[in-house]
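Secondary and tertiary structure notes
The residues making up each chain are set out below.
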Amino acid sequence: TAVDPSNITIGLQFVSSASGNDLLDQIDAQSSKSLEKGGVRILLDCYTPWLYPNGWVGWIMMLISCLGSFLLCISTGFIRRDGNVLVMGPHGSSYEQLLTDDDVDNLPEVEYNERS
């Protein structure tokens, strides 16, 4: 915004062509009595019944994008099931590479101490 010497704050407002022409017509058609009192009063706000009337389109697009990404991960095998286990990761790291119960039992026992 810019302020002129008469303490009027000027802002930038986007209006449609029809609304702009309607505003100009009202300003041009105002009476001299109205001009003496300061002219037509124009209130600028951003009120709409919905914050963004077509905002639901963005939500639908975002939902479709997320769902599409999830389905792509499933179709490429990045997310897959191996029995009752959900495996997430590239095919190189398979569930078969994990330790079995016997492998865990055969691991050496090591005691760790905390030193200051």
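The rules we used
Residues numbered from 1 in each chain as written. Predicted model: local features only at pLDDT ≥ 70, side-chain atom pairs only at ≥ 80, totals over all residues. Heavy atoms only, no water. Helix = DSSP H or I, 4+ residues; strand = E, 2+ residues; numbered from the N terminus. Buried < 20%, exposed > 50% of the residue type's maximum accessible area, 1.4 Å probe, protein only. Contact = heavy atoms within 4.5 Å. Pairing = 2+ DSSP bridges. Patch = residues over 30% accessible without salt bridge, like charges linked within 9 Å, V, L, I, M, F, W, Y side chains within 5 Å. Areas by Shrake-Rupley, 256 points an atom, 1.4 Å probe, with all protein chains shown as cover. Salt bridge = Lys/Arg side-chain N within 4 Å of Asp/Glu carboxyl O. Polar contact = N/O pair within 3.5 Å; in protein donor to acceptor, adjacent residues only side chain to side chain. Lys, Arg positive; Asp, Glu negative; His and termini not counted. Charge placed at Lys NZ, Arg CZ, Asp CG, Glu CD. Expected span 1.5 Å × (residues − 1). pLDDT = per-residue confidence, 0-100.

Moving on to the overall build of the protein chain. Broken down by element type, the protein chain carries four helices and four strands. Element order for the protein chain, N to C, with α for helix and β for strand: β-β-α-α-α-β-β-α. Out of the 116 residues belonging to the protein chain, those deemed buried represent 6%. Across the protein chain, the fraction of contacts at a sequence separation of at least 24, relative to all contacts at a separation of at least 6, is 5%.

Our next topic: the pairing of strand β4 (residues 85-88). Note that strand β3 (residues 79-82) and β4 share four bridges and pair antiparallel. Each bridged residue has a counterpart across the sheet, and for Asp82 the counterpart in β4 is Val85. Linking two consecutive strands that pair antiparallel, namely β3 and β4, is a turn of two residues; a positive phi of about 70° is found at Gly83 within it.

A contiguous nonpolar surface patch, about 520 Å² in accessible area, is contributed by Trp56, Val57, Ile60, Met61 and Ile64. With respect to the secondary-structure elements, Ile60 resides in helix α3 (residues 55-75). Take Ile60: its relative accessible area is 41%, and that puts it in the partly exposed class.

For the rest of this paragraph, the subject is the side chain of Gln30. Mapped onto the elements of the fold, Gln30 is located in the loop between α1 (17-28) and α2 (32-36). At 3.1 Å, the side chain of Gln30 and the backbone oxygen of Ile27 are in polar contact. Dropping the residues within four chain positions of it, Gln30 is found in contact with Leu35, Gly39 and Val40.

Further remarks concern a negative patch on the surface. There is a patch of like negative charges on the surface, built from Asp101, Asp102, Asp103 and Asp105. On the secondary structure map, Asp102 appears in helix α4 (residues 101-105).

Along the chain, Gln26 falls in helix α1. Overall, the relative accessible area of 41% leaves Gln26 in the partly exposed class. Between the C-alpha atoms of Gln26 and Val40, which are 14 residues apart in sequence, the distance is 7.5 Å.

Okay, α3 next. Between its terminal C-alpha atoms α3 stretches 30 Å, which fits the 30 Å expected from 21 residues at 1.5 Å a residue. In the segment just after α3, Gly77 is the residue with positive phi, at about 85°.

On to the confidence of the model for the protein chain, then. Of the residues in the protein chain, 70% reach a pLDDT of 70 or more, and the chain-wide mean stands at 76. By mean pLDDT, strand β1 (residues 2-3) is the weakest element of the protein chain at 50, and α3 is the strongest at 88.

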